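A structural walkthrough
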Amino acid sequence: MALRHVLVLLLTSIPGFALVGQPLASRSFANTIPQLLVDTVGINSKAYFSTELSRAIVPPLLLVSAGLYATTDNEWLNKYEVKEERDERMPHFRCHVDDYLQYAPIVAVYGLNLAGVKGRNDFVNRTVLLLKSEILVGVLTYSLKQITAVPRPDTGKPTSMPSGHTAQAFAAATFMAKEYGHRSIWYSIGAYTAATSVGVMRVLNNRHWASDILVGAGVGIFSTNMAYLTHRYKWGNRDKPHGTTLFVPGYDGQSYSLAMIHQFK
């Protein structure tokens, strides 16, 4: 597959997967995304997208599965072929925009709030949710890097999968989609397009394989989805508790882990 085809596929498909299950102003548009999954890969939207939990888990799971598929010898999306195309067509590509763009949706959320555009949550709850998401994406990314030990395409260091930049970018994009997606779909589209651009640049910079950014995107979306899904206790409104969430860190001598326990009330 030519590099330009891969880039077009990533730039168009990843935001579409990411938008599934996010709060969107135009539900008619959102409903077409699960239908596209039915038409293309045979997924039953009623079965998989009928609950909040499934909407939070299925899209990132599909992205992770696509990333694992890209590590196999196939003719549709092969990480080695993508690298060969990159080395042949853009061997000297270097760009550091991705180092900053990964945080752009977070800056945009707080900037919009300062400008008077109200999001889904107040400042305290929004910040708590962001912190929960950042902790989870950090732990998952670090742990998976240690478990997979995939060599980077440039240095060979075994810390390639998943892409930390991409995971951070999609966690931030999902954060913006959760806070402002209900106001206008373009907030979500803009955030996920920026996150996808980060992933593409990681490949073009030869820092990651295509499979790494797909898994990273799934990790990032999952982290923020879980942060919101388990956020039942409204800070600043203590007379109406909705549940308790407990994060339990762990360390086995080689890698860190984080268990999340939520008690619904």
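1. Section: the overall build of the protein
From N to C terminus, the protein includes 11 helices and two strands. Taken from the N to the C terminus, the helices and strands of the protein come in the order α-α-α-α-α-α-α-α-α-α-α-β-β. Here the protein holds 265 residues, and the buried ones make up 47% of them. Look at the contacts in the protein between residues 6 or more apart in sequence, and 72% of them connect residues 24 or more apart.

2. Some thoughts on the packing of aromatic side chains
Across all of its chains, the model carries five aromatic pairs by this definition. Ring geometry for tyrosine 80 versus tryptophan 209: centroids 5.3 Å apart, planes at 65 degrees, classification edge-to-face. Taken together, the positions of tyrosine 80 in helix α5 (residues 79-89) and tryptophan 209 in the loop between α10 (185-204) and α11 (210-229) put the pair 129 residues apart, joining distant regions of the chain. Classification of tyrosine 80 as partly exposed rests on a relative accessible area of 45%.

3. Some remarks on the environment of serine 211
In this structure, serine 211 sits in helix α11. By relative accessible area, which is 0% here, serine 211 ends up buried. Separated by 144 residues in the primary sequence, serine 211 and glycine 67 place their C-alpha atoms 4.1 Å from one another. What serine 211 contacts, discounting residues up to four positions off in sequence, is Gly67, Ala70, Thr71, Lys79 and Met161.

4. Digging into the nonpolar core
Ranked by size, the top nonpolar core spans 30 residues in total, and within it Ile106, Phe170, Phe175 and Tyr192 carry the most contacts. Secondary-structure elements contributing two or more residues to this core are α7 (104-114), α8 (123-148), α9 (164-180), α10 and α11. Those residues in contact with phenylalanine 175 that lie beyond four places of it in its chain are Ile106, Val109, Tyr110, Arg126, Leu130, Thr224 and Tyr228. Val150, Met161, Ala171 and Val219 belong to the second-largest nonpolar core, a separate cluster that totals eight residues.

5. Side note on the confidence of the model for the protein
Mean pLDDT for the protein: 81, with 69% of residues reaching 70 or above. Per-residue pLDDT stays below 50 along residues 26-34; that stretch engages in 10 contacts with residues further than four places along the chain or on separate chains.

6. Focus on a nonpolar patch on the surface
A contiguous nonpolar patch, built from Leu53, Ile57 and Leu61 and spanning about 260 Å² of accessible area, is present on the exposed surface. Along the chain, the position of leucine 61 falls in helix α4 (residues 52-69).

7. Describing the side chain of histidine 208
One can find histidine 208 in the loop between α10 and α11. Since its relative accessible area comes to 3%, histidine 208 is described here as buried. A polar atom in the side chain of histidine 208 sits 3.3 Å from the side chain of arginine 152. At 3.3 Å, the side chain of histidine 208 forms a polar contact with the side chain of aspartate 212. Not counting chain neighbours up to four residues away, the residues in contact with histidine 208 comprise Lys145, Arg152, Pro153, Thr159, Ser160, Pro162, Ser163, Gly164, Arg202, Val203 and Ile213.

8. A short note on the pattern of salt bridges
Scanning the entire structure with this criterion turns up six salt bridges. Two residues, aspartate 87 and arginine 86, come together in a salt bridge whose shortest N-O distance is 3.0 Å. For aspartate 87, a relative accessible area of 32% gives the class partly exposed. We note a salt bridge from arginine 207 to aspartate 154, for which the minimum N-O separation is 2.7 Å. Of this pair, arginine 207 sits in the loop between α10 and α11 while aspartate 154 is found in the loop between α8 and α9, placing the two residues 53 residues apart along the sequence.

9. Considering the packing of α8 against α9
Between α8 and α9, whose axes approach to 10 Å, the crossing angle comes to 155 degrees. The angle between α8 and α9 places the two elements in the roughly antiparallel class. In this structure, α8 crosses over α9, and the sense of that crossing is right-handed. Contacts between α8 and α9 involve Arg126, Leu129, Leu130, Ser133, Glu134, Val137, Thr141 and Lys145 from the former and Gly164, Ala167, Gln168, Ala171, Phe175 and Glu179 from the latter. Taken together, the residues of the contact of α8 with α9 sort by class into six nonpolar, four polar and four charged.

10. Overview of the side chain of threonine 166
You can see threonine 166 is positioned in helix α9. The class of threonine 166 is buried, set by a relative accessible area of 1%.

11. A look at unusual backbone geometry
Here methionine 161 and proline 162 are connected by a cis peptide whose omega angle stands at -5 degrees. By the element assignment, proline 162 lies in the loop between α8 and α9. Phi angles above zero are rare outside glycine, and alanine 149 is one such case at about 50 degrees. In this fold, alanine 149 is placed in the loop between α8 and α9. In the Ramachandran plot, asparagine 206 falls in the positive-phi region, its phi being about 65 degrees despite a non-glycine side chain. Position of asparagine 206 among the secondary structure elements: in the loop between α10 and α11.

Rules and cut-offs
Residues numbered from 1 in each chain as written. Predicted model: local features only at pLDDT ≥ 70, side-chain atom pairs only at ≥ 80, totals over all residues. Heavy atoms only, no water. Helix = DSSP H or I, 4+ residues; strand = E, 2+ residues; numbered from the N terminus. Buried < 20%, exposed > 50% of the residue type's maximum accessible area, 1.4 Å probe, protein only. Contact = heavy atoms within 4.5 Å. Phe/Tyr/Trp six-rings, centres within 6.5 Å; stacked < 30°, edge-to-face > 60°. Core = buried A, V, L, I, M, F, W, Y, C linked by side-chain atoms within 4.5 Å. pLDDT = per-residue confidence, 0-100. Patch = residues over 30% accessible without salt bridge, like charges linked within 9 Å, V, L, I, M, F, W, Y side chains within 5 Å. Areas by Shrake-Rupley, 256 points an atom, 1.4 Å probe, with all protein chains shown as cover. Salt bridge = Lys/Arg side-chain N within 4 Å of Asp/Glu carboxyl O. Polar contact = N/O pair within 3.5 Å; in protein donor to acceptor, adjacent residues only side chain to side chain. Axes fitted to C-alpha atoms, helices over the stretch in contact; angles between N-to-C directions. Parallel < 35°, antiparallel > 145°, perpendicular 65-115°, else oblique. Left-handed = near helix turned anticlockwise from the far one by under 90°. Nonpolar A, V, L, I, M, F, W, Y, C, P; charged D, E, K, R; others polar.

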